[in-house]
Amino acid sequence: MKTILLVDDSRAVRLAGRRMVSSIGFSVLEAENGEEALKMVREHDVDVILLDWNMPIMDGLEFLKALRAAEDLEQPTVVMCTTENDMSRIMQAMQSGADEYIMKPFTEEIVRGKLEETGVIESPDA
Ligand SMILES: [Mg+2]
């Protein structure tokens, strides 16, 4: 079973996300800011991260940069989650090492589709 780390400062978003990715078939870890998320990737084998942008203490972009700079860490796939339909922001995330992005609010189908596109899960018709 692959492990997904949900990083979001909203407990409601983490709860909804947990339901979706559990039903897709992931083992789920949670963090509420970038600092906690860095601790999680140091302590666990994480395959993929769904990463919120706006969070206190350490935001998603700061976390992403720190993660990608940590050469001692296994590098998980990172899907950036944003409410902003702002291409410059999305480009910034992709240039900082995000593999994909999704707009909030997302559905299980959207999450599944993105995880298939990144190759984290197999597409049913592959
Ligand atoms: Mg947030």
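Residues numbered from 1 in each chain as written. Predicted model: local features only at pLDDT ≥ 70, side-chain atom pairs only at ≥ 80, totals over all residues.

Chemist: Help me out: how do you make sense of the packing of helix H2 (residues 34-43) against helix H3 (residues 60-69) in this one?
Modeler: Between two packed helices, both the angle of their axes relative to each other and the distance between the axes serve to describe the pair. Relative to each other, H2 and H3 sit at 30 degrees, their axes nearing to 9 Å. The angle between the axes of H2 and H3 places the two elements in the roughly parallel class. In the crossing of H2 with H3, the sense of the turn from one axis to the other is right-handed. Contact with H2, carried on its side by Gly-34, Ala-37, Leu-38 and Val-41, involves Gly-60, Glu-62, Phe-63, Ala-66 and Leu-67 of H3 and no other residues of that element. A per-class count over the contact of H2 with H3 returns six nonpolar, two polar and one charged. (Axes fitted to C-alpha atoms, helices over the stretch in contact; angles between N-to-C directions. Helix = DSSP H or I, 4+ residues; strand = E, 2+ residues; numbered from the N terminus. Parallel < 35°, antiparallel > 145°, perpendicular 65-115°, else oblique. Left-handed = near helix turned anticlockwise from the far one by under 90°. Contact = placed C-beta atoms within 7 Å. Nonpolar A, V, L, I, M, F, W, Y, C, P; charged D, E, K, R; others polar.)

Chemist: Is there a simple way to think about the pairing of strand E4 (residues 77-82) in this case?
Modeler: On any regular strand, side chains alternate: one points to one face of the sheet, the next to the other face. The element E4 is largely enclosed, with a buried count of five among its six residues. By the bridge criterion, five bridges tie strand E3 (residues 48-52) to E4 in an arrangement that is parallel. Bridging across to E4, Leu-50 finds its partner in Val-79. Across four bridges, E4 lies against strand E5 (residues 100-103) in parallel orientation. What sits directly across from Val-79, in E5, is Glu-100. (Buried ≥ 20, exposed ≤ 12 C-beta atoms within 10 Å, placed from the backbone. Pairing = 2+ DSSP bridges.)

All we've got here are geometric facts, nothing functional implied.
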